[in-house]
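If you want the building blocks of each chain, they are given just below.
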Amino acid sequence: MSEHPTSIFPNAGSFGDTDPAPTRPNRRELAWNRGTDVGLLLLRFAVGGTFFAHGMQKVFGLWGGPGIGGFAQVLEGFGFREAMTLSWVTGITELVAGAFVVLGVVTPLAAAGLLAIMINSVALKFGNGFFIASPAGAGAVELDVVLGMAAAALVFTGPGRIALDNGRTWHRRPAPWGVLALVVGVVAAVLVLVLLR
């Protein structure tokens, strides 16, 4: 039997039915939008700006900050060795990575560096409780968890199009670069906790 149609008429076989076959409505394809870009810019300013300010406190002692020497004493109180070196590394990381996150430069790696700092901070203060409004006050982990999770979000989302990273490989393919940066950040945090404390 032949597979060719037996009729030259388009609707052969559907006597009296001239309506076209029902079609499903086309959904608008999910695409990147300006709202997402603005939202990521605001998130970058909040996270990166906060870390940059903390870095200024640690490195230069601005805005009532402890400076390098004061922060080194805090680290010694938590049981860290090489507290002066770690104080410089933490302060410079907060300064540079915070500025990079705000500008959207090497965003996944910069945000992973900030996440590593927050992992250490949460690990040190975990027993104090979660809420800042509790008796632990600033010793609670609430702010550290929020900043750490926001930094982790930027590791995976990238900076958005309103950034100096726009068009870079890690901007066009944020998921694999985000996983790589996340691994780097977590490993760095664990090594500091294990080797320097």
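For the structure itself, look to the data block above.
Remember, it's a predicted structure, so these values are computed and weren't measured experimentally. (Residues numbered from 1 in each chain as written. Predicted model: local features only at pLDDT ≥ 70, side-chain atom pairs only at ≥ 80, totals over all residues. Heavy atoms only, no water.)

Q: Before we go on, may I ask you to explain a nonpolar patch on the surface in this structure?
A: A cluster of nonpolar side chains, namely Met84, Trp88, Ile92, Val96, Phe100, Val106, Leu109, Trp177, Leu180 and Val184, defines an oily patch on the protein surface of about 850 Å² accessible area. Only α3 (83-103) and α7 (174-195) provide two or more residues apiece to the nonpolar patch. By residue number, the principal contributor to the nonpolar patch is α3, which donates five residues. Here tryptophan 177 shows up in helix α7. A residue is classified by how much of its surface remains accessible, and tryptophan 177, at 34% relative accessible area, is partly exposed. (Patch = residues over 30% accessible without salt bridge, like charges linked within 9 Å, V, L, I, M, F, W, Y side chains within 5 Å. Areas by Shrake-Rupley, 256 points an atom, 1.4 Å probe, with all protein chains shown as cover. Salt bridge = Lys/Arg side-chain N within 4 Å of Asp/Glu carboxyl O. Helix = DSSP H or I, 4+ residues; strand = E, 2+ residues; numbered from the N terminus. Buried < 20%, exposed > 50% of the residue type's maximum accessible area, 1.4 Å probe, protein only.)

Q: Whenever I open this one, the side chain of aspartate 37 confuses me. Can you help?
A: The residue aspartate 37 is located in helix α1 (residues 34-60) in this model. For aspartate 37, a relative accessible area of 4% gives the class buried. Side-chain polar atoms of aspartate 37 contact the side chain of arginine 161, separated by 2.8 Å. (Polar contact = N/O pair within 3.5 Å; in protein donor to acceptor, adjacent residues only side chain to side chain.)

Q: Just to check I follow, could you spell out α3 for this structure?
A: Between its terminal C-alpha atoms α3 stretches 30 Å, which fits the 30 Å expected from 21 residues at 1.5 Å a residue. Inspection of α3 places Ala83, Leu86, Ser87, Thr90, Gly91, Glu94, Leu95, Ala97, Gly98, Val101 and Val102 among the buried residues, and these make up the whole buried set. Along its buried surface, α3 packs onto α1, α2 (67-77), α4 (107-125), α5 (142-157) and α7. Positive backbone phi, at 75°, marks glycine 104, one or two positions downstream of α3. (Expected span 1.5 Å × (residues − 1). Contact = heavy atoms within 4.5 Å.)

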